[in-house]
Amino acid sequence: KDTQLVFDLQSHFAPVFEPPFDPLNVLSEDLFDDKVMAERLPSSVVQRFKECLITGAPTTEEDMTVIADMMFAWARERGAIDFSHWFFPMRGGGGAVGGMLGAYKQDTLIDLEFASKFTTKPMKATLPSDRLFQGETDGSSFPNGGLRVTHSAAAFTTWDRSSPPFVAWQWQIFIKFGDGLLSCFGLDVGGIDEKTPLLRSMDAVKKEGLRLLKASGLGKDVQTIYSYLGWEQEFFVIKAEHYKARPDLVNTGRTLFGKLPTRHQQGDLNYFAPVPGNVQLLLDRVQAVMLRLGCPMAVKHNEVAPGQHEMSPVFRVANVSCDTNVLFMEVMNREAAKMGLQVLFHEKPFAGINGSGKHANWSVGTDTGLNFFYPGKTEEGAKLFVTGIACLAYGLSQHNELVRCSVATAGNDHRLGAQEAPPAIISLYPGQGFEKYVDSVIAGGDLLGYKAEKKKQATGCSQADPIEANVEDRNRTAPFPFCGNRFEFRAVGSSQNCNLPVMVCNAIMASGMAHLADLIEGGLSHRDAVAKMFKENKHVVFTGNGNSGEWKQEAAKRGLPNLNTTPKALSTWNSDKNKALFEKLGIYTKEETEARQEVMLENYITSLKIEAETMIQMVDTAIVPACAKDTSCMVGSWMQLLLEPLALKHLKHVVRGSTLIPRIH
Ligand code: ADP
Ligand code: MG
């Protein structure tokens, strides 16, 4: 009854009244962005700051002082009394209750002048730049995968200059930093957080991409290359009182027992149907908060399963977008709590109906507006498009397992490969027209042979205009379909932090860019090099039905792995090949690659163990006593005999998973 999903119509459309409010009036009100900087800082400081973002040079101490003073004044105007470095420790992956959240320690803005410590001089509120731009904390309990010993505790955070700081609104007032990075005492390399590797991968795409552009004679004025992300977040919303009545939902994020209502999603009637009144209010409020925080949402709507919804923002440069995704999840949790609602970010809260994903729309482009994944109207754009897809095909085929690993979590195991999500086999869908074109390039054809004109499609009725169809169809059974100007990595789990999956997208892309640049620098023509890349990696291109049984057999013939469980996938993570790739691109050292595997496996085992223990406890403390009370003790004992083996089977799975990694034990 508690998980009854079918809505009752009366409460579904219950009118909700909120005073009229135009959130556009407060767009980016709480964000220390370019506009604030331009208005408040000397133009020379702004210019130097921006140059540093492109060149990677450190900000000077003088400039840091000016920026800190200005940020302090700006934050005080908004009532801030504390500040925090907001960062993402490696928590291992998806399936977490409440989704991946950020970490922070609140530091006060109030400091005493030295003299006022022994006199009666007035106290002073300041934000000294040395505290603003670097933080130190006790890092002993952040997961580190064996990178450090427990007693070596100091950890540092530092500002990601490219992601603007903000003052949180409506829940608690303090400056949080767009982000922070976590590094450890005595380690030259930090990398024990989620974000550092992403930023390093963005640098790798930039470096290898610039080298490739130079070698192929494309993009002459390009100064830098960015990777972009637009996430689509799916989630369920239920009443908080129902959530609190379920130990399984509270402890594990999903229901471990239950029964589907007779009417659920059979008719697919829920998708795009009107959003229930109270959920609509929640989504509107969250949209307004996100606007204040400088993150305009692009869409909000119902999803396939009853009680399931989606919101997506306008895409941004990848690190900022990853930050806003975590922020979005936090804002959702807090706003829902105020309304007596609970958001479920778990990949599969209810068996038998669709689970939730987080599609990562990802692209790579230049500061001059060229996009590696947009066919473009110019010859240069067209060549870049073919070149970009050749790099991606190389990366996906050569480092196929890595891509699978980046979405390997306990929660996602319930979702991948079912009808609602792409299979665990990682392939590339560039479109059927493009697939044919690849064959022509391999056979010696020109790089400009791909016809990217959009097609007009008649509607067959006089009152509706013809439709301009995309160059290629969509494919929702593919883990990596082409979407006109981007690829949509559809396998990411709804509770995951996007940092790791996008880092891996960048890493495999950078590896393709580096390989192609090597081939051209080694003497091959641009055309021949692209043709060689396609020829050697064509087996990763698949444009059919990814959910069909035949694809599994065909993929096996092509040598594409089907890593259908997290333990299987993660056992491939720390291969010599992957370690070499990460090291070459400057993303992870060998030790960091090992550590990351350890953290992901530990997280998997912990999730399953909590599930098994919760199951056993629910049987012992709720189901058996209820049966005993209702009928007779005999029936209760029978129930126990029946249900406990179920839980034990689940535990066995944990043990099976853990034997793959003897180091954990
Ligand atoms: P769908 O129709 O697949 O459900 P949505 O409209 O829900 O797509 O979301 C598409 C997402 O892709 C949005 O966040 C959008 O801003 C983002 N997006 C659009 N173009 C790009 C691009 N070039 N790079 C990255 N993300 C993009
Ligand atoms: Mg969508």
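Parameters at a glance
- Residues numbered from 1 in each chain as written.
- Chains lettered and ligands numbered in written order.
- Predicted model: local features only at pLDDT ≥ 70, side-chain atom pairs only at ≥ 80, totals over all residues.
- Helix = DSSP H or I, 4+ residues; strand = E, 2+ residues; numbered from the N terminus.
- Contact = placed C-beta atoms within 7 Å.
- Buried ≥ 20, exposed ≤ 12 C-beta atoms within 10 Å, placed from the backbone.
- Pairing = 2+ DSSP bridges.
- pLDDT = per-residue confidence, 0-100.
- Core = buried A, V, L, I, M, F, W, Y, C linked by C-beta atoms within 7 Å.
- Near = placed C-beta within 6 Å.
- Nonpolar A, V, L, I, M, F, W, Y, C, P; charged D, E, K, R; others polar.
- Domains from an automatic or database assignment.
- Axes fitted to C-alpha atoms, helices over the stretch in contact; angles between N-to-C directions.
- Parallel < 35°, antiparallel > 145°, perpendicular 65-115°, else oblique.
- Left-handed = near helix turned anticlockwise from the far one by under 90°.
- Expected span 1.5 Å × (residues − 1).

Undergrad: For the overall build of the protein, give the residues involved together with the corresponding values.
TA: Broken down by element type, the protein carries 20 helices and 18 strands. In the protein, the share of contacts with a sequence separation of at least 24, taken over all contacts with a separation of at least 6, comes to 75%.

Undergrad: Go over the pairing of strand β15 (residues 358-366) with me, naming the residues and quoting the values.
TA: Here β15 lies mainly inside the structure; 9 of its 9 residues are buried. The two faces of β15 match: Lys 358, Ala 360, Trp 362, Val 364 and Thr 366 on one face and His 359, Asn 361, Ser 363 and Gly 365 on the other face are all buried. Pairing of strand β10 (residues 225-239) with β15 involves 9 bridges; the strand directions are antiparallel. Paired with Tyr 228 across the two strands is Ser 363, which belongs to β15. The pairing of β15 with strand β18 (residues 487-489) spans 3 bridges and is antiparallel. Its bridge partner being in β18, Asn 361 is matched across the sheet by Glu 488.

Undergrad: Describe in detail the confidence of the model for the protein, supporting the description with residues and values.
TA: When pLDDT is averaged along the protein, the result is 86; 87% of the residues meet or exceed 70. Mean pLDDT per element in the protein: helix α1 (residues 9-12) is the minimum at 52, and helix α14 (residues 499-521) is the maximum at 98. Throughout residues 1-7 the model reports pLDDT below 50, and contacts reaching past four residues in sequence, or to other chains, amount to 19 contacts. With pLDDT under 50 throughout, residues 655-665 is counted as low confidence; its partners more than four residues away or in other chains account for 14 contacts. Confidence estimates for the predicted assembly give a pTM of 0.91 and an ipTM of 0.98.

Undergrad: Break down the nonpolar core for me, citing the residues and quoting the values.
TA: Core analysis: the biggest nonpolar cluster contains 110 residues, and Ala 390, Ala 393, Val 502 and Ala 507 have the highest contact counts within it. Looking at this core, the element that brings in the most residues is α14, giving 14 residues. Grouped together as the second largest cluster of nonpolar side chains are 47 residues, Phe 32, Phe 72, Leu 282 and Met 290 included.

Undergrad: Explain the site of ligand 1 to me, and be specific about the residues and the numbers.
TA: As a matter of local geometry, ligand 1 sits amid 15 residues, with Gly 230, Phe 315, Asn 361, Ser 363 and Arg 486 nearest to it. Those elements giving two or more residues to the shell around ligand 1 turn out to be β10, β11 (297-302), β12 (308-313) and β15. Of all the elements, β10 adds the most residues to the shell around ligand 1, at 4 residues. Among the residues forming the shell around ligand 1, the class breakdown is 8 nonpolar, 5 polar and 2 charged.

Undergrad: If you had to explain the pairing of β10 to someone new, which residues and values would you point to?
TA: With 13 of 15 residues buried, β10 lies mostly within the body of the structure. Both β10 and strand β13 (residues 316-317) contribute to a ladder of 2 bridges, which runs antiparallel. Across the sheet, Leu 229 pairs through a bridge with Arg 316, a residue of β13. In the sheet, β10 pairs with β12 via 4 bridges, with the strands oriented antiparallel. Paired with Phe 236 across the strands is Gln 308, a residue of β12. Here 4 bridges tie β10 to strand β14 (residues 341-344), and the two strands are oriented antiparallel to one another. Paired with Val 237 across the strands is Val 343, a residue of β14.

Undergrad: Before we move on, could you go through the domain arrangement of the protein and cite the residues and values that matter?
TA: As assigned here, the protein comprises domain 1 (31-193), domain 2 (199-457 + 464-588) and domain 3 (603-664). Computed over C-alpha atoms, the centres of domain 1 and domain 2 are 30 Å apart.

Undergrad: Could you give an account of the packing of helix α9 (residues 277-292) against helix α10 (residues 318-338), naming the residues involved and the relevant values?
TA: Orientation of α9 relative to α10, taken along the N-to-C sense of each, is 130°, at an axis distance of 10 Å. Between α9 and α10, the crossing angle belongs to the class labelled oblique. With respect to the hand of their crossing, α9 and α10 are arranged in right-handed fashion. On α10, the residues that touch Leu 282, Arg 285, Val 286, Val 289 and Met 290 of α9 are Phe 328, Val 331, Met 332, Glu 335 and Ala 336. Residues of the contact of α9 with α10, tallied by class, amount to 8 nonpolar, no polar and 2 charged.

Undergrad: Give me the lowdown on the environment of Ala 612, citing residues and values where you can.
TA: Inspection of the secondary structure assignment puts Ala 612 in helix α19 (residues 590-630). Residue class for Ala 612 comes out buried when judged on the 22 C-beta atoms lying within 10 Å of it. In this structure the C-alpha to C-alpha distance between Ala 612 and Thr 252, which are 360 residues apart in sequence, comes to 9.7 Å.

Undergrad: Just give me the short version of α9, but keep the residues and values in it.
TA: Taking 1.5 Å of rise per residue, 16 residues should cover 22 Å, and α9 covers 23 Å from first to last C-alpha, within 8% of that figure. Residues of α9 that are buried: Val 279, Leu 282, Leu 283, Arg 285, Val 286, Ala 288, Val 289, Met 290, Leu 291 and Arg 292. Tucked inside the fold, the buried residues of α9 contact β10, β11, β12, α10 and β14.

Undergrad: I'd love a proper account of helix α3 (residues 43-55), names of residues and values included.
TA: The end-to-end C-alpha separation of α3 is 18 Å, in line with the 18 Å expected for 13 residues at 1.5 Å each. Counting buried positions over the 13 residues of α3 gives 1, only a small fraction of the element. Phi turns positive one or two residues past the end of α3, at Gly 56, with a value near 85°.

Undergrad: Talk me through the environment of Ala 318; I want residue IDs and the actual numbers.
TA: Examined against the element boundaries, Ala 318 turns out to sit in helix α10. Along the backbone, Ala 318 and Ala 154 are 164 residues apart, and their C-alpha atoms lie at a distance of 29 Å. Discounting chain neighbours no more than four positions away, the residues touching Ala 318 are Leu 198, Met 202, Ser 227, Tyr 228, Leu 229 and Val 502.

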